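Commentary on secondary and tertiary structure
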Amino acid sequence: SIPLSFFAGIGGASKAGVLVKGSNYLEILSQTKYVVFDKTGTLTQGVFEVNGIHHNEMEKEKLIEYAALAESASSHPISKSLQRAYGKQIDRSRVTDIQEISGNGVIAKVDGVEVAAGNDKLMKHIHVKPINCHQVGTIIHLAINGKYAGHIVISDIVKPHLKEAIAALKRAGIEKTVMLTGDAKKVAEQVAESLEIDQVYSELLPADKVSKVEELLKMKGAKDKLAFVGDGINDAPVLSRADIGIAMGAMGSDAAIEAADVVLMDDDPMKIATAIKISRKCLKIVY
Ligand code: ADP
Ligand code: MG
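The residue count restarts for each chain, going from 1 along the sequence in the order it is written. As they are written, the chains are lettered A onward and the ligands numbered 1 onward, keeping that order. Local features in this predicted model are restricted to residues of pLDDT 70 or higher, and side-chain atom pairs are both shown and tallied only at a pLDDT of 80 or more, whereas totals for entire chains, interfaces and linings draw on every residue.

Looking up the protein in an unreviewed UniProt entry gives the name Cd(2+)-exporting ATPase, with the organism given as Dorea longicatena.

The following block contains the structure:
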């Protein structure tokens, strides 16, 4: 039978806005030593602003329009941001043959024209050579009918109170904080440094994030546990693979809430340390 104090623990966590899906997760939380974060939508708001546009022959407005339309079927934060930057109503009937390549970008036909929007990996995949961009940011390259058309530089902002939340984890005895992202190295390092996250791995495909977590699982002490915090966009398999998956509940996708063991109802990152503290208190009462 489940000791009563577990119910108290789950209830206490729930009052704090943390949904714990089972008493076993309280035990795992209490033993957590590594906390691994996804970047976009987890550490950052997932709301990108356009900082720069480089365009070849095509008008800047047209480039944005193609990008927004090609992205119109995706729920990725980048897609939503490009649609917002376009600012006009999107007529979905203009978009066909949509392919979303996770961790790379999208390819779709807009008014019958093939539009590819994504990172270097996507350009490589379609054999288009992008021009170098020296601006720091997340770079969305565009190829129209297999020809390089330019790029849009976007950037996201770090969520408020995260630095305090990371510091609170350290104070709660977390040994290692790690960030995993599919985004570019420079952007990733900037975010990790500003938050004082110990380790950062960038330019990862969704499958690479799983392998990275598996590597980290082998590195930690045998009794120690690893938590992964994500938003479910391109990271649901990682949420499942970690000893404990923690999802952003408010901003996160249904996939995240489904795949996670713990859900932060209001996305407040400070609640991770709170949940760990509640779990330890509860376990102390049990044993
Ligand atoms: P993160 O690991 O930061 O959560 P993702 O794995 O979702 O990011 O995406 C990694 C990278 O793949 C993005 O930084 C972007 O370059 C590219 N990408 C992913 N989805 C899209 C999209 N819908 N449109 C354009 N680029 C995308
Ligand atoms: Mg993500």
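Let us now look at the domain arrangement of the protein. Along its sequence, the protein is organised into domain 1 (4–44 + 158–286) and domain 2 (49–155). Placing the centre of domain 1 and that of domain 2 at their C-alpha centroids yields a distance of 31 Å. Only runs of H or I of at least four residues qualify as helices and only runs of E of at least two qualify as strands under DSSP, and these elements are numbered from the N terminus. Of all elements in the fold, only helix H3 (39–43) and helix H8 (185–195) reach the threshold of two or more residues within the side of domain 1 that touches domain 2. Following the grouping adopted for this structure description, the nonpolar residues are Ala, Val, Leu, Ile, Met, Phe, Trp, Tyr, Cys and Pro, the charged ones are Asp, Glu, Lys and Arg, and the polar ones are all others, Gly among them. A breakdown of the residues in the side of domain 1 that touches domain 2 according to their chemical character gives five nonpolar, five polar and two charged. Domain borders in the structure are assigned automatically or taken from a domain database.

Okay, the site of ligand 1 next. As a rule, any residue with its backbone-derived C-beta atom within 6 Å of a molecule or strand is reported as near that molecule or strand. In the vicinity of ligand 1, 22 residues are found, and the nearest of them are Thr40, His76, Gly105, Asn119 and Gly182. For the shell around ligand 1, the elements supplying multiple residues, two or more each, are H3, helix H5 (77–86), strand S5 (105–110), strand S6 (113–118) and strand S7 (138–144). Split by domain, the residues of the shell around ligand 1 number at least three in each of domain 1 (4–44 + 158–286) and domain 2 (49–155).

Excluding glycine, residues mostly carry a negative phi; peptide bonds, for their part, are mostly trans. With a phi angle near 50°, Asp97 is a residue other than glycine that sits in the positive phi range. Considering the arrangement of structural elements, one finds Asp97 in strand S4 (residues 95–101). Here His161, not a glycine, exhibits a phi torsion of approximately 65°, which is positive. On the secondary structure map, His161 appears in the loop between strand S8 (147–155) and helix H7 (162–171).

Throughout this description, the term nonpolar core refers to a group of buried Ala, Val, Leu, Ile, Met, Phe, Trp, Tyr and Cys residues whose C-beta atoms join them within 7 Å. Using C-beta atoms placed from the backbone, we call a residue buried if 20 or more other C-beta atoms fall within 10 Å of its own, exposed if 12 or fewer do, and partly exposed for counts in between. Of all hydrophobic cores here, the largest spans 53 residues; its most connected members are Val36, Phe228 and Ile246. No other element matches the six residues that helix H12 (residues 270–286) contributes to this core. Contact definition: two residues whose C-beta atoms, as placed from backbone geometry, lie within 7 Å. In contact with Ile246, other than residues within four places in its own chain, are Ala227, Phe228, Val229, Ala260, Val262, Leu264 and Ile272. With 28 residues, the next largest nonpolar core counts Ala68, Leu82, Ile107 and Ile144 among its residues.

With that out of the way, let us pick up the pairing of S4. Strand pairing is assigned whenever DSSP detects at least two bridges linking the two strands. Pairing analysis gives five bridges linking S4 to S5, with the strands arranged antiparallel. Within the sheet, the bridge partner assigned to Glu100 lies in S5 and is Val106. Between S4 and S5, which pair antiparallel in sequence order, lie three residues; one of them, Gly103, sits at a positive phi of approximately 75°.

It is worth spelling out the sheet that holds strand S11 (residues 225–230) at this point. Ordered by their spatial adjacency, seven strands build an open sheet running S1-S13-S12-S11-S2-S9-S10, and the pairing between neighbours is mixed. Two strands close off the open sheet at either side, each with one partner strand: strand S1 (18–20) and strand S10 (199–201). The mean inter-strand angle of the sheet, taken between neighbouring strand axes irrespective of direction, is 20°. Inspection of the sheet shows strand S2 (residues 32–38) paired to S11 by five bridges, in the parallel sense. Across the sheet, residue Phe37 finds its bridge partner in S11, namely Val229. Working convention: axes come from line fits to C-alpha atoms, limited for helices to the stretch in contact. Angles between N-to-C directions cover 0 to 180 degrees.

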